[in-house]
Amino acid sequence: MIAVANQKGGVGKTTTAVQLAAFFAHRGFRTLLVDLDPQANATSSLGIDRGQLETTVYEALLEPEGAESAVLADVRPGLDLLPSSGLLAGAEVELVATPQREFRLRAALQHLAPRYAVVLVDCPPSLGLLTVNALVAARAVLVPIQCEYLPLEGLAQLVTTLDLVKRRLNPPLDVIGVVLTMFDARTRLALQVVQEVRRAFGARVFRAIIPRAVRLAEAPSHGQTIFEYDPASRAARAYNELGAELLERLGLCTVPEPIESAQGTP
Ligand SMILES: Nc1ncnc2c1ncn2[C@@H]1O[C@H](COP(=O)(O)OP(=O)(O)OP(=O)(O)O)[C@@H](O)[C@H]1O
Ligand SMILES: [Mg+2]
């Protein structure tokens, strides 16, 4: 189970979570994407109308035993979604008073997770209780960093939180990797960020770098992944490379036959 987390907003968490979920599903790995952000961007990126949802991850957090009923099966072949809703905005406050408040997502996913080869959690842009729930449920954290501003200050805060969660709540938690997003080779700043992040995180930084690409910003408004919207784009290629690297790091190298679908060719 992988949490995609960074408390800074707009760094590419949702985009990365959605494309990786599509990548894994297309490669034949049964995948669950959990949308843990009240903005519900991952949910809408996949073309799901959140106004139509009766149960969501919000209900699953309040009543973990009933989590299964909130799962939308096969939003794509091999890909299930635990969708979000705006109600989740209140959950951060409501959960404070509940027992085991950091363990609600873990409890909700306990029975579900064994059905999947991969579970990805898209976190909100904060280090509040929702993100902590994701970090407690997960084995691994994937940190997207945008190449458009020097990030190291905010990252120190993230690393402190990860250490804390690891020590107190979830010892197996590990950073599976750092992914550089929104890279524009024409700017000096981007090159500088790549250098600094590589210096700080070394081999944890994925070789694949996600370019700044208009196609990636457009795809969600069509309810499509990049593999559906423009499978030949540089962005699709980059997310393919990232997915392949992640498979390797997860030890899931034995790639099953891809599922036949209209999903393009990640
Ligand atoms: N590589 C990219 N190139 C261009 N636009 C991108 C790229 N990645 C993401 N975007 C766009 O940038 C915006 C922010 O991306 P995204 O929603 O993935 O970030 P986020 O970290 O999930 O944001 P939040 O913190 O608000 O949840 C979105 O409009 C998205 O479509
Ligand atoms: Mg997001």
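Quick notes on the rules
Residues numbered from 1 in each chain as written. Chains lettered and ligands numbered in written order. Predicted model: local features only at pLDDT ≥ 70, side-chain atom pairs only at ≥ 80, totals over all residues. Heavy atoms only, no water. Near = heavy atom within 4 Å. Polar contact = N/O pair within 3.5 Å; in protein donor to acceptor, adjacent residues only side chain to side chain. Areas by Shrake-Rupley, 256 points an atom, 1.4 Å probe, with all protein chains shown as cover. Helix = DSSP H or I, 4+ residues; strand = E, 2+ residues; numbered from the N terminus. Nonpolar A, V, L, I, M, F, W, Y, C, P; charged D, E, K, R; others polar. Phe/Tyr/Trp six-rings, centres within 6.5 Å; stacked < 30°, edge-to-face > 60°. Buried < 20%, exposed > 50% of the residue type's maximum accessible area, 1.4 Å probe, protein only. Lys NZ or Arg CZ within 6 Å of the ring centre and 35° of its normal. Contact = heavy atoms within 4.5 Å.

## A word on the site of ligand 1
Contacts to ligand 1 come from 18 residues, most closely from Lys-13, Thr-14, Thr-15, Pro-211 and Ala-213. Interatomic distance of 3.3 Å between a side-chain N/O atom of Asp-37 and an oxygen atom of ligand 1. For ligand 1, whose free accessible area comes to 620 Å², the fraction covered by protein is 83%. Sorting elements by how many residues they give to the shell around ligand 1 places helix α1 (residues 13-26) first, with three residues. Each residue belonging to the shell around ligand 1 can be placed in one class, and the counts come to eight nonpolar, six polar and four charged.

## Quick notes on the packing of aromatic side chains
Tallying each qualifying case throughout the model produces two aromatic pairs. Aromatic pair Phe-23 and Phe-24: ring centres 5.7 Å apart, planes at 75°, arrangement edge-to-face. Summarising the burial analysis for this pair, Phe-23 and Phe-24 share the class buried. Here the aromatic residues Phe-23, Phe-24 and Phe-29 are joined through ring pairs into a cluster of three or more. Over the ring of Tyr-149 we find Lys-8, and its NZ or CZ is 4.3 Å from the ring centre.

## A short note on the side chain of Ser-84
Structurally, Ser-84 can be placed in the loop between β4 (79-82) and α4 (88-96). Leave out the neighbours within four places in its chain, and Ser-84 touches Asp-35, Asp-37, Pro-38, Ala-40, Thr-43, Arg-50, Leu-53, Thr-56 and Val-57.

## Considering the environment of Met-182
Among the structural elements, Met-182 can be located in the loop between β7 (174-181) and α8 (188-201). Judged by its relative accessible area of 19%, Met-182 falls in the buried class. Measuring from C-alpha to C-alpha, the distance between Met-182 and His-26 comes to 24 Å, with 156 residues separating the pair along the chain. Look past the residues within four positions of Met-182 in its chain and what remains in contact with it is Gly-10, Val-11, Gly-12, Gln-146, Cys-147, Glu-148, Ile-210, Pro-211 and Arg-212.

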